[in-house]
Amino acid sequence: MTGRHAGKPRLIVTIDGPAGTGKSSVASQLAKRLDLDFLDTGAMYRAVAAVAIDREIDWQDHNSVVDVAVDSDMHFDFSTDPPELIAYGAPVTRRLRDADVTGLVSSIAGIPGLRRYLVRQQRMIAASHPRLVTEGRDQGSVAFPDAEAKFYLDATPAVRARRRADQLRAAGRSVDEAVLCREIIERDRSDSTRADGPLMCADNARRIDTSSLSLEQVVDVLEKLVRLSGAGVDPGTGGTGEAVAESGSVRFVSPGVRADRS
Ligand code: DC
């Protein structure tokens, strides 16, 4: 290992969970606090969807989707913050949240051959960036079952629908929260029953219900848990927040932490 991580032990932190739990923001802020690299694996599936659309690949032709993913030489440029995703030699990050990409990505993510390919890529990234917070659906269960720290973030469908509605309203869109909530429940059902890399809480992952926690509070909880686990970071003080919540299966009691595994 070279650079700022030279001489430090491997530390892979996985954060999985459904959409609307604030995973991406939590993961990137946790990475900053612990001085780790950050991997957004949803972006990899989104990039494949974008490339498939732009090259007019029929997503139902699974082999062609895998071929285009391989062909694109997709990789992250870790010299930028956040890391820029490059495909076919050009940045694709700005394309990833477009409606057509968001509409297709869930189907793309169900392609077993693509999942195998991207999990291999994720492991290669971790081999060259072994101090990493990686975020997705299957990071603790499939990609890195031996990760040093594993988390599963959850929140009730109603809370996740409200968070999504707030984002859409902030972007000037009108929304029906009840419809969003039904979509979320349906998406959870399809993601968790997928044969390959289903959304699930890995055996030894800590499940954290974020329903009544702010983003900063969730980052505080995770930072404390990683530091106290002794997994390759200074125990430090961990986070700026004090006792913040008793929520779901995690009890966060300042100055220490008590968390129940579920
Ligand atoms: O987290 P996100 O919304 O950017 O994820 C985009 C899609 O990719 C979503 O349908 C879930 C899927 N995904 C996955 O199946 N496995 C991952 N490790 C990451 C994302």
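Note that the structure is predicted; figures quoted are calculated from it, not measured. Each chain has its residues counted from 1, following the order in which its sequence is written. At least 70 in pLDDT is required for a residue's local features to be given in this predicted model, at least 80 for side-chain atom pairs to be given and counted, and no such filter applies to totals for whole chains, interfaces and linings, which use all residues. In computing side-chain values, all of the structure's heavy atoms are included and hydrogens and water are not.

Draft legend 1. Structural context of the packing of helix α1 (residues 23–34) against helix α9 (residues 215–229). Interaxial angle, 0 to 180 degrees, is taken between N-to-C directions of lines fitted to C-alpha atoms, where a helix line uses only the stretch in contact. Strands here are runs of E lasting at least two residues and helices are runs of H or I lasting at least four, both read from the DSSP assignment and numbered beginning at the N terminus. Where α1 meets α9, the closest approach of the two axes is 9 Å, and the angle between their N-to-C directions is 50 degrees. In terms of their interaxial angle, α1 and α9 are classed as oblique. Between α1 and α9 lies a crossing of right-handed hand. For the pair formed by α1 and α9, the contact residues are Ser25, Val26, Gln29, Leu30, Arg33 and Leu34 on the first element and Leu215, Glu216, Val218, Val219, Asp220, Leu222, Glu223, Val226 and Arg227 on the second. Residue composition of the contact of α1 with α9, by class: 8 nonpolar, 2 polar and 5 charged. Orientation categories follow fixed angle ranges, with anything under 35 degrees roughly parallel, anything over 145 roughly antiparallel, 65 to 115 roughly perpendicular, and all other angles oblique. The handedness criterion is simple: a crossing whose near helix is rotated anticlockwise from the far helix by less than a right angle is left-handed, and one whose near helix is rotated clockwise is right-handed. We call two residues contacting when some pair of their heavy atoms lies within 4.5 Å. The classification used treats Ala, Val, Leu, Ile, Met, Phe, Trp, Tyr, Cys and Pro as nonpolar, Asp, Glu, Lys and Arg as charged, and all other residues, Gly among them, as polar.

Draft legend 2. Structural view of the site of the ligand. Taken together, 15 residues are adjacent to the ligand, and Thr41, Arg46, Arg115, Arg137 and Asp138 come closest. Taking arginine 194, its side chain carries an N or O atom lying 3.2 Å from an oxygen atom of the ligand. Of all elements in the fold, only α2 (41–54) and α4 (99–108) reach the threshold of two or more residues within the shell around the ligand. Looking at which element gives the most residues to the shell around the ligand, the answer is α2, with 4 residues. Grouping the constituent residues of the shell around the ligand by class yields 3 nonpolar, 5 polar and 7 charged. Nearness is judged by heavy atoms alone; a residue qualifies as near a molecule or strand once a single heavy atom is within 4 Å of it. In protein, a polar contact requires one atom able to donate a hydrogen and another able to accept it; more generally it is a pair of N or O atoms within 3.5 Å, and residues adjacent in sequence count only if both atoms are side-chain atoms.

Draft legend 3. Layout of the side chain of threonine 134. By the element assignment, threonine 134 lies in strand β6 (residues 131–136). The contact partners of threonine 134, leaving out residues within four places of it in the chain, are Ile12, Val13, Thr14, Ile15, Leu39, Thr41, Gln139 and Phe144.

Draft legend 4. Examining the pattern of salt bridges more closely. For this analysis, a salt bridge means a side-chain nitrogen from Lys or Arg found within 4 Å of a carboxyl oxygen belonging to Asp or Glu. In this structure the tally under the stated criterion is 17 salt bridges. A salt bridge links arginine 10 to glutamate 148; the nearest nitrogen and oxygen atoms lie 3.0 Å apart. A residue pair is termed long-range when its members are at least 10 positions apart, and arginine 10 in the segment before β1 (11–16) and glutamate 148 in the loop between α6 (139–143) and β7 (149–154) qualify at 138 residues. For every residue, the accessible area (1.4 Å probe, protein chains only) is compared with the maximum for its type, and the residue is labelled buried under 20%, exposed over 50%, or partly exposed between those bounds. In this structure arginine 10 comes out as partly exposed when scored by relative accessible area, which is 33%. Connected through shared salt-bridge partners, Arg33, Asp220, Glu223 and Arg227 make up one network.

Draft legend 5. The nonpolar core, seen in detail. What we call a nonpolar core is a set of buried Ala, Val, Leu, Ile, Met, Phe, Trp, Tyr and Cys residues that are connected through their side-chain atoms within 4.5 Å. The biggest cluster of nonpolar side chains holds 37 residues, and the ones touching the most others in it are Val48, Met74, Leu85, Ile108, Leu114 and Leu118. Breaking this core down by element, the ones donating at least two residues are α2, α3 (62–71), β4 (84–87), α4 and α5 (112–128). For this core, the leading source of residues is α2, giving 9 residues. By size, the runner-up hydrophobic cluster in this structure holds 24 residues, among which are Leu36, Ala149, Val218 and Val233.

Draft legend 6. Representation of the sheet that holds strand β3 (residues 75–77) in the model. By this definition, two strands are paired if DSSP reports at least two bridges between them. Pairing is antiparallel across the open sheet formed by 3 strands, whose spatial order is β3-β4-β5. A single partner strand is all that each edge strand has here, and the edge strands are β3 and β5 (90–91). Note: β3 against β4, 3 bridges, orientation antiparallel. Note on β4: the bridge partner recorded for histidine 75 is isoleucine 86. Helix-sheet contacts for α2 involve β3 and β4, and the interaxial angle to β4 is about 35 degrees.

Draft legend 7. How the structure looks around the packing of helix α7 (residues 157–170) against helix α8 (residues 177–193). Interhelical geometry of α7 versus α8 gives an angle of 125 degrees and a closest axis separation of 8 Å. The orientation of α7 relative to α8 falls into the category oblique. Of the two possible hands of crossing, α7 and α8 adopt the one that is right-handed. Every residue of α8 that contacts α7 at Pro157, Ala158, Arg160, Ala161, Arg162, Arg164, Ala165, Leu168 and Arg169 is listed here: Glu177, Leu180, Cys181, Ile184, Ile185 and Asp188. Across the contact of α7 with α8, the residue classes break down as 9 nonpolar, no polar and 6 charged.

Draft legend 8. Here's a closer look at a negative patch on the surface. Like charges within 9 Å and nonpolar side chains (Val, Leu, Ile, Met, Phe, Trp, Tyr) within 5 Å are joined into patches, using only residues over 30% in relative accessible area that form no salt bridge. Exposure was quantified through the Shrake-Rupley algorithm and a 1.4 Å probe, taking into account, for residues, occlusion by the shown protein chains and nothing else. Under the convention used here, Asp and Glu are negative, Lys and Arg are positive, and both His and the chain ends fall outside the count. Positions of charges follow a simple convention, taking NZ of Lys, CZ of Arg, CG of Asp or CD of Glu. Taken together, Asp58, Asp61, Asp67 and Asp71 make up a surface patch of like negative charges. As for its position among the elements, aspartate 61 is in the loop between α2 and α3. Residue classification places aspartate 61 among the partly exposed residues on the basis of a relative accessible area of 34%.

Draft legend 9. Structural context of the side chain of threonine 14. Mapped onto the secondary structure, threonine 14 falls in strand β1. Contact partners of threonine 14, with chain neighbours within four places excluded, come to Thr134, Gln139, Gly140, Phe144, Ala147, Ala149, Lys150 and Phe151.

Draft legend 10. Representation of the environment of valine 66 within the structure. Tracing the backbone shows valine 66 in helix α3. On the basis of relative accessibility, which here comes to 17%, the residue valine 66 falls in the buried class. Separated by 48 residues in sequence, valine 66 and leucine 114 have C-alpha atoms that sit 5.3 Å apart. Other than its neighbours up to four places away in sequence, valine 66 contacts Ile111, Gly113 and Leu114.

Keep in mind these values describe shape, not function.
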